[in-house]
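# Summary of the model geometry
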Amino acid sequence: MADAVALIVAAGRGQRAGGAMPKQYRMLAGQSVLRRSCMAFLGHPRIGAVRVVIHPDDRARYDEAMAGLNLPPPVSGGETRHDSCRNGLEALAGDPPRIVLIHDAARPFADRPTIDRVFGALDTAPAAIAAIPVSDTLKKASAGDRVAATVAREGLWRAQTPQGFEFAAILDAHRRIDSRSLTDDAAVAEAAGIPVTLVAGSEDNFKITREEDFRRAETLLAGQGDIRVGTGFDVHRFTEGNGLTICGIWINHDKSVTGHSDADVALHALTDAVLGAIGEADIGSHFPSADPRWRDADSAVFLRHAVSLVTARGGAIRHLDVTLICEEPKIGPHRDAMKARIAEIAGVGVDRVSVKATTTEGLGYTGRREGIAAQAAATVRL
Ligand code: MG
């Protein structure tokens, strides 16, 4: 049962990480940090809504970053992190949840087990936070880099987020406590006398603060995901005519090709490659040639549909590669336009598309100029 709201605090300016925009809007492997931070909470059965607190100047960036997620409108943050948090809590007060999980937008790797541990502790406690016991020896410095003392680490934890609270209690604490010098919401709860329970966080749930944290995040993401490769193959027969469509590009020629749709051999092979990567049936099952809707259809429809099936699984196309096998027409002059068109249809960068061509040295059906063949590979990350 959904009895909680996740409040994602994204109003900071993030100057320590450098860069032209606040760090929570920077991209990590194709998705903004903020979107990734929200996704961890969106599918959780206990969480009825995800509400984001943003800097008012960032509305356009927010809309772009969160496109398609269908969230309630963002809340405007304040001068400090705690003003922003309080604004977020006040925005929820009209229809208060039982539980609120407050989470830093700069922590894109909050995992389900950590969130579940916070919820678990909240069954018997009014406040619970993810944290990591300190394992390094701690030094206190004086005069810059001179060690003044070694600090006993026993009982010390590094606080992370999410930090979960009974909503009414933390809202009351934020209203009563002057929290401007406090650096997390648990400290506000402590100052209000609310007991706070520690649960295990995760080392991967780190906060992106400096430039090197972005590199760590990219490395982490590069090791994640289910990488799939699919292949496709298609042939169309030459017939009389004045040209043909290959890779979505019309080419004037003294022949045409037969087929039910626009007979684009390359887009058909690519569509099958994408479908193959996600274990789907072939293009003919999705778009039967007996169906009059696909007569003379633009084959971009087929490839776009296959890509949408990948997206619906939370995946992304990493690379599309097609080889055309024919004696004619000449592909070279059209290669750049073909790559650009495939990239446009599939919604990927042109550097993730390859179009190549070869002959079969006069051998076989392509060598006898009876038709044109295409083979394709698609790499997909789920
Ligand atoms: Mg075909």
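Coordinates for the structure precede this section.
These remarks concern the structure in this document. Worth saying up front: this structure is predicted, and the values here are computed from it rather than measured.

### Some points on the coordination of the magnesium ion
At the metal site, the magnesium ion is ligated by D234 (OD), H236 (NE2) and H268 (ND1), and these contacts range over 2.1 to 2.2 Å. Along the chain, the residues donating to the magnesium ion are arranged with the sequence spacing D-x1-H-x31-H. Note on D234: relative accessible area 17%, which makes it buried.

### Describing the packing of helix α8 (residues 265-277) against helix α10 (residues 300-312)
At a minimum axis separation of 9 Å, α8 and α10 run at an interaxial angle of 15°. As far as their axial angle goes, α10 and α8 are roughly parallel. The hand of the α8/α10 crossing is left-handed. Mapping the contact onto sequence places L267, H268, L270, T271, V274 and L275 in α8 and A300, F302, L303, A306, V307, L309 and V310 in α10.

### Brief notes about the side chain of H236
Assignment of secondary structure puts H236 in strand β12 (residues 227-240). Looking at H236, its side chain comes within polar contact range of the main-chain oxygen of T258, at 2.8 Å. Among the polar contacts listed, one links the side chain of H236 to the side chain of H268, at a separation of 3.3 Å. Setting aside residues up to four positions removed in sequence, H236 forms contacts with V257, T258, G259, A263, V265, H268, G371 and I372.

### What to know about the pattern of salt bridges
Oppositely charged side chains can form a pair if their charged atoms are brought close together. Counted according to the given criterion, the structure contains 23 salt bridges. Linking R61 and D58 is a salt bridge whose minimum nitrogen-to-oxygen distance equals 3.0 Å. Looking at R61, the relative accessible area reads 30%, which means it is partly exposed. D58 sits in the buried class, given a relative accessible area of 0%. Through salt bridges that share partners, R81, D104, R107, D185 and K207 make up one connected network.

### Some details on the nonpolar core
Of all hydrophobic cores here, the largest spans 48 residues; its most connected members are I246, C247, V322, L324, M338 and I342. Counting residues per element, the ones that place at least two in this core are β13 (243-246), β14 (249-252), α8, α10, β16 (316-325), α11 (335-346), β17 (353-358) and β18 (371-381). In terms of residues, this core owes the most to one element, α8, which gives nine residues. Core analysis: the next-biggest nonpolar cluster, separate from the first, contains 29 residues, Y25, F119, A128 and A130 among them.

### Let's talk about unusual backbone geometry
Between T161 and P162 the backbone carries a cis peptide bond, its omega angle lying at 15°. Inspection of the secondary structure assignment puts P162 in strand β10 (residues 157-166). Cis peptide bonds are those with omega within 30 degrees of zero, and the linkage from E328 to P329 qualifies with -10°. Looking at the element boundaries, P329 is found in the loop between β16 and α11. For D296, which is not a glycine, the phi torsion comes out positive at approximately 60°. Note on placement: D296 falls in the loop between α9 (283-286) and α10. With phi around 60°, R369 is a residue other than glycine that occupies positive phi space. In this fold, R369 is placed in the loop between α12 (364-367) and β18. What makes R369 partly exposed here is its relative accessible area of 41%.

### Quick look at the sheet that holds β12
One open sheet holds the five strands; their spatial order is β15-β12-β18-β16-β17, and the pairing between them is mixed. Because the sheet does not close on itself, it has two edges, and the strands there are β15 (255-257) and β17. Adjacent strand axes in the sheet meet at a mean angle of 25° when their direction is disregarded. Bridge count between β12 and β15: three bridges; the pairing is antiparallel. Each residue of the ladder has a partner; that of E240, found in β15, is K255.

### Quick notes on helix α3 (residues 81-92)
Between its first and last C-alpha, α3 extends 17 Å over 12 residues, near the 16 Å set by a 1.5 Å rise per residue. When α3 is considered as a whole, its buried residues turn out to be H82, D83, S84, C85, G88, L89 and L92. Here the buried face of α3 lies against β1 (4-10), β4 (47-54), β5 (75-76), β6 (99-104), α5 (167-176) and α6 (185-191).

### Some remarks on the layout of surface pockets
For the largest pocket, the calculated volume is near 1300 Å³. Along its surface, the largest pocket is lined by 42 residues, and A29, G30, Q31, R36 and R381 are the ones closest to its centre. Contributions of two or more residues to the lining of the largest pocket are made by β3 (31-32), α1 (33-42), α2 (59-65), α7 (211-222), α10 and β16. No other element matches α1, which puts four residues into the lining of the largest pocket. Taken together, the residues of the lining of the largest pocket break down into 20 nonpolar, 12 polar and 10 charged. Both of domain 1 (4-222) and domain 2 (227-381) provide at least three residues apiece to the lining of the largest pocket.

Rules used throughout
- Residues numbered from 1 in each chain as written.
- Predicted model: local features only at pLDDT ≥ 70, side-chain atom pairs only at ≥ 80, totals over all residues.
- Heavy atoms only, no water.
- Donors = N, O, S within 2.8 Å, 3.2 Å for Na, K, Ca; no water.
- Buried < 20%, exposed > 50% of the residue type's maximum accessible area, 1.4 Å probe, protein only.
- Axes fitted to C-alpha atoms, helices over the stretch in contact; angles between N-to-C directions.
- Helix = DSSP H or I, 4+ residues; strand = E, 2+ residues; numbered from the N terminus.
- Parallel < 35°, antiparallel > 145°, perpendicular 65-115°, else oblique.
- Left-handed = near helix turned anticlockwise from the far one by under 90°.
- Contact = heavy atoms within 4.5 Å.
- Polar contact = N/O pair within 3.5 Å; in protein donor to acceptor, adjacent residues only side chain to side chain.
- Salt bridge = Lys/Arg side-chain N within 4 Å of Asp/Glu carboxyl O.
- Core = buried A, V, L, I, M, F, W, Y, C linked by side-chain atoms within 4.5 Å.
- Pairing = 2+ DSSP bridges.
- Expected span 1.5 Å × (residues − 1).
- 1 Å grid on protein atoms, 1.4 Å probe; cavity = no way out; pocket = protein on both sides within 12 Å on 5 of 7 lines; lining within 4 Å.
- Points joined across faces, edges and corners; volume = space filled by probe spheres on them.
- Nonpolar A, V, L, I, M, F, W, Y, C, P; charged D, E, K, R; others polar.
- Domains from an automatic or database assignment.

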